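# A look at the structure
Residues per chain, in single letters:
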Amino acid sequence: PVAHYRVSFEDYKKTRPLIRINSDGIIISCSKTVQKLFGWPIKVLVGQPISMLMPSPHNKRHQTYIKRYLKAKQAAAAALSSKDPQQKNIRGSSS
């Protein structure tokens, strides 16, 4: 059956770096995989702006991306991946 191939959200969170933000770009939750990827403890990330994990110029433009999305429902921000050489790690430098 199709259900056999479904992956639960909880199982997905165990293997993928997922970050939930609010409409102000503040991190409200994230998966443990995010902690492994960036080196920041989850308790430090929650409550911080998502832009802290982004390289320039995206970190400065991200709030504009959010406002545009909320107004037009049009995503414009680039997603970070584990292969992004510019992502910010706990030391504040690029990985």
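Residues numbered from 1 in each chain as written. Predicted model: local features only at pLDDT ≥ 70, side-chain atom pairs only at ≥ 80, totals over all residues. Heavy atoms only, no water.

## A word on the pairing of strand E2 (residues 27-30)
Note: strand E1 (residues 19-21) against E2, three bridges, orientation antiparallel. Looking across to E2, one finds that Arg20 is bridged to Ser29. If you look at the hairpin formed by E1 and E2, you'll find five residues sitting between the two strands, and Gly25 has a positive phi there, around 80 degrees. (Pairing = 2+ DSSP bridges. Helix = DSSP H or I, 4+ residues; strand = E, 2+ residues; numbered from the N terminus.)

## Considering unusual backbone geometry
For the bond from Ser56 to Pro57, the omega torsion is 0 degrees, close enough to zero to count as cis. One can find Pro57 in the loop between helix H3 (42-45) and helix H4 (58-72).

## Examining the environment of Leu45
Here Leu45 lies in helix H3. Taking the C-alpha atoms as reference points, Leu45 and Ser29, 16 residues apart in sequence, are found 8.1 Å from one another. In this view, Leu45 contacts Ile27, Cys30, Val34, Trp40, Met52 and Leu53; residues no more than four positions away in its chain are not counted. (Contact = heavy atoms within 4.5 Å.)

## Remarks on the side chain of Ser31
Mapped onto the elements, Ser31 comes out in the loop between E2 and helix H2 (32-38). The exposure class of Ser31 is buried, given its relative accessible area of 3%. Looking at Ser31, its side chain comes within polar contact range of the main-chain oxygen of Arg16, at 2.8 Å. Among residues more than four places away in sequence, those in contact with Ser31 are Lys13, Arg16, Pro17, Leu18 and Ile42. (Buried < 20%, exposed > 50% of the residue type's maximum accessible area, 1.4 Å probe, protein only. Polar contact = N/O pair within 3.5 Å; in protein donor to acceptor, adjacent residues only side chain to side chain.)

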